[in-house]
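If you want the building blocks of each chain, they are given just below.
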Amino acid sequence: MGISSHNRKRVSLGIVLVLINMTSGIAHADALANIISNGKIRVSIDPAAQPYSSVDETGKYAGSEVEIAAKLAKDWNVALELIPTSPANRIPYLVTNRSDIVISTLSITDERKKVIDFSKPYSAIQIVVGAPKTDNISKLEDLVGKQVAVTRGSTNDAEITKVAIPGTNIVRFEDDATSITALLSGQASYYVTAPALLTTVNKKNPSTEIEPKIVLKTNVTGVGVKKGETALQDKLNQWINASITDGSLNAIYKRHFSIDLPPEVTDAK
Amino acid sequence: MTYEFDFGAVLGYWPLLLQGTLTTLRLTLFSTVFGILIGAFCALVKTGGPQWARTIVGLYVEFIRNTPLLIQSYFLIFGIASMGLRLPILVGATIALTVNIGAYTTEIVRAGIESIHRGQLEAAECLGLSKVQTYLHIIIRPALERVYPALASQYVLLMLASSILSSVGVEELFGMSNRIQSDTFRNFEVFVVLGILYLILAVVVRAGFSLLGLALFPRRRKLGTSL
């Protein structure tokens, strides 16, 4: 009984997949041609990923990813339609043709490459050591003997624990808010986190000027496209190359995260 | 679906657990010593000091006993730091625990002092004991002996309550186990191990207190009776 229902499920899943392939194959032979002919590009974006992308009280989108999507639409001379998605939905939306591309803090991973294609990196999500602007630190050795705050159990915690030089006092707090309190009160000298969070802290406490000082890790993010859409992928790559060369992608990144785009992005092939 | 226990994954982290246990013990030891000193002093002030001093001690005791330890430690650790005095977290935590336990000790010792019969003080005066001698031998020691079981309980409670300090960044036993949890996702196992460790610690602290009691109160050691 158990086996037969299993089999049936597998058969029907196969049929659905074939159908999806057929319909998408017929209706969207070339996603790029469709975008041009519709005069509109549909971009998946996460409305709850401040400061990358977020929606304010009036329903207006803002954030670095939103600016990148807007620039893309402007450069290609098409209208921009933002499709709100949750992080888990980003790839399914793309695969089922509800959006043309994903610009939503999508790190390029081998796992994901099995399901979708990526453009070359256009931005990055980093783990950095943040410190007050006036503090001159540039390497891990500078952290020895200092209190470095991090939120317990986060990927940031795992990273600093791995790379810290013996003698660095890693102080772990229960949540981001307490880590930030430790930094702002002076209990801890430095804070390991994403540059994005530092931006938010500075915005909420205008008297603090905390900057990313040491980069611990860089995950590059790419624009997600449906598998096999090589024309769209090539055109995206050309656009990213042009936008890196003219400095506009770097300008967006720097305005939001007070740090230049890492070489992993600017030097990527 | 049944949960499969895997203690090996957790016990592999024994160096962290040991370090956490030692930190908890150290926190408890220091705050016990300083807490008893503060408590005994404040109790003396509260029973025999001038009115203004009694008021101050009374405010301290009531404020501490009626606010959560977490808030007190938050203010002591981050508050002191923001005034420009950067103490190591462990020192801040010890201060917070000491301030906290000092208030409870004050009340317990005060009860002990008030249980000393006036006749004892009059007898001491008749025998020509000095004020210091009277305080040490007629008031404080018998008072402590009377409330000793209550004090011991309070200090075991303190040891258990120190787990709260993990949320202000202290890497004591509970904080360490949080790290193990986020590494292994084996919360059940971690909490079982943690429960056993705290139980052992409590037994150790209680045993320490009863040994100390035998050393401090020879009367009890020699006669085997309580006051």
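Rules of the game
- Residues numbered from 1 in each chain as written.
- Chains lettered and ligands numbered in written order.
- Predicted model: local features only at pLDDT ≥ 70, side-chain atom pairs only at ≥ 80, totals over all residues.
- Buried ≥ 20, exposed ≤ 12 C-beta atoms within 10 Å, placed from the backbone.
- Helix = DSSP H or I, 4+ residues; strand = E, 2+ residues; numbered from the N terminus.
- Pairing = 2+ DSSP bridges.
- Core = buried A, V, L, I, M, F, W, Y, C linked by C-beta atoms within 7 Å.
- Domains from an automatic or database assignment.
- Contact = placed C-beta atoms within 7 Å.
- Nonpolar A, V, L, I, M, F, W, Y, C, P; charged D, E, K, R; others polar.

**Focus on the pairing of strand S11 (residues 190-193) of chain A**
Residues and elements named next belong to chain A.
Working step 1: Residues of S11 alternate between two faces, with Tyr190 and Val192 on one and Tyr191 and Thr193 on the opposite face, all of them buried.
Working step 2: Relative to S11, strand S9 (residues 147-151) runs parallel, the two being bridged by two bridges. The residue bridging Val148 from the neighbouring strand is Tyr190, located in S11.

**Points about the nonpolar core**
Working step 1: Residues Val148(A) and Ala149(A) are the most contacted members of the largest nonpolar core, which totals 92 residues.
Working step 2: Here this core takes 11 residues from helix H5 (residues 89-114) of chain B, the largest share from any one element.
Working step 3: Mapping this core onto the domain boundaries places at least three of its residues in each of domain 1 (29-122 + 222-266) and domain 2 (125-218) of chain A.
Working step 4: When neighbours within four sequence positions are excluded, Val148(A) is seen to be in contact with Leu143(A), Ile160(A), Thr168(A), Asn169(A), Ile170(A), Val171(A), Ala188(A), Tyr190(A) and Val192(A).
Working step 5: One finds Val10(B), Met176(B), Val190(B) and Leu194(B) within the second-largest nonpolar core, a separate group that totals eight residues.

**A word on the domain arrangement of chain A**
All names here are of chain A.
Working step 1: Here chain A is partitioned into domain 1 (29-122 + 222-266) and domain 2 (125-218).
Working step 2: For domain 1 versus domain 2, the separation of C-alpha centres amounts to 29 Å.
Working step 3: Counting from both sides, the interface comprises 11 residues of domain 1 and, opposite them, 10 residues of domain 2.
Working step 4: For the side of domain 1 that touches domain 2, the per-class residue count stands at five nonpolar, five polar and one charged.

**What about the environment of Gly175(B)?**
Working step 1: Relative to the elements of secondary structure, Gly175(B) occurs in helix H8 (residues 173-184).
Working step 2: Look at Gly175(B) and you get buried, because 25 C-beta atoms sit within 10 Å.
Working step 3: Distance from Gly175(B) to Ile164(B), taken between C-alpha atoms, is 8.8 Å for residues 11 residues apart in sequence.
Working step 4: The contact partners of Gly175(B), leaving out residues within four places of it in the chain, are Arg172(A), Gly20(B), Ser166(B) and Val170(B).

**Examining the pairing of strand S8 (residues 123-132) of chain A**
All names here are of chain A.
Working step 1: Across the 10 residues that make up S8, a large majority, eight, are buried.
Working step 2: Of the pairings in the sheet, the one linking S8 to strand S12 (residues 210-221) comprises 10 bridges and is antiparallel in character. Paired with Ala131 across the strands is Glu211, a residue of S12.
Working step 3: Both S8 and S11 contribute to a ladder of three bridges, which runs antiparallel. Opposite Gly130, over in S11, you have Tyr191 as the bridge partner.

**So, unusual backbone geometry**
Residues and elements named next belong to chain A.
Working step 1: Phi at Asn97 is positive, roughly 70 degrees, even though this residue is not glycine.
Working step 2: For Asn97, the position within the fold is in the loop between helix H4 (90-95) and strand S6 (101-102).
Working step 3: Despite not being glycine, Thr105 has its phi angle at roughly 45 degrees, a positive value.
Working step 4: Topologically, Thr105 is positioned in the loop between S6 and helix H5 (110-113).
Working step 5: A residue is classified by how many C-beta atoms lie within 10 Å of it, and Thr105, with 21 of them, is buried.

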